[in-house]
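Here's the letter readout for the chains.
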Amino acid sequence: MICIDLGNATTKIAICRPGYPEQYSPIEIIKIGTSVLFNSDGSFLYGKEAEENLTLSQIRMYNKGFKNKLGRKSSIIITNLEDNLFECSALDITCKFLSSIRAMFEKSGCPLKDLNT
């Protein structure tokens, strides 16, 4: 089981295996900063990687604490990508963020479907 605490500044991810019916012990806890940087190639960087790659020219493509804006319909990242206006809401970013967490586990050889065993 994957337990995710989508925090304001840091997202904590715990890999848990069932013990007793109502008790789960974390095997590993991973922390990712809840900030995002949209790259000109269309990809996203999260957490420390986003903050380390941020430049002044990319400030409109950066957002820290996107979780706090969930439920709003307005875009929180707006940029011009290859002469096309690109907009992302907090919901869009959250979906991509959670997908990246899934990809991270699958890339490390720990597919989410195997965590239920």
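Look a little higher up for the structure.
Any chance you could break down the packing of aromatic side chains for me, citing the residues and the numbers?
Under the criterion given, the structure shown has 4 aromatic pairs. Ring geometry for Phe44 versus Tyr46: centroids 6.2 Å apart, planes at 15 degrees, classification stacked. With relative accessibility at 14%, the residue Phe44 sits in the buried group. Here Tyr46 falls in the buried class, since its relative accessible area comes to 13%. Where Phe66 meets Phe97, the ring centres are 5.5 Å apart and the plane angle is 75 degrees; that geometry is what we call edge-to-face. Taken together, the residues span a long stretch of sequence, with Phe66 in the loop between strand S6 (62–64) and strand S7 (77–81) and Phe97 in helix H2 (residues 90–107) at a distance of 31 residues.

Explain H2 to me, using residue names and the numbers behind them.
Over its 18 residues, H2 runs 25 Å from end to end, which matches the ideal 26 Å to within 8%, given 1.5 Å per residue. Among the residues making up H2, those that are buried are Ala90, Ile93, Thr94, Phe97, Ile101 and Phe105. The arc that holds every buried residue of H2, seen down its axis, measures 120 degrees, which confines them to one face. In H2, the exposed positions that point more than 90 degrees away from the buried face belong to Leu91 and Lys107.

Calculation notes
- Residues numbered from 1 in each chain as written.
- Predicted model: local features only at pLDDT ≥ 70, side-chain atom pairs only at ≥ 80, totals over all residues.
- Heavy atoms only, no water.
- Phe/Tyr/Trp six-rings, centres within 6.5 Å; stacked < 30°, edge-to-face > 60°.
- Buried < 20%, exposed > 50% of the residue type's maximum accessible area, 1.4 Å probe, protein only.
- Helix = DSSP H or I, 4+ residues; strand = E, 2+ residues; numbered from the N terminus.
- Expected span 1.5 Å × (residues − 1).
- Arc of directions from axis to C-beta.

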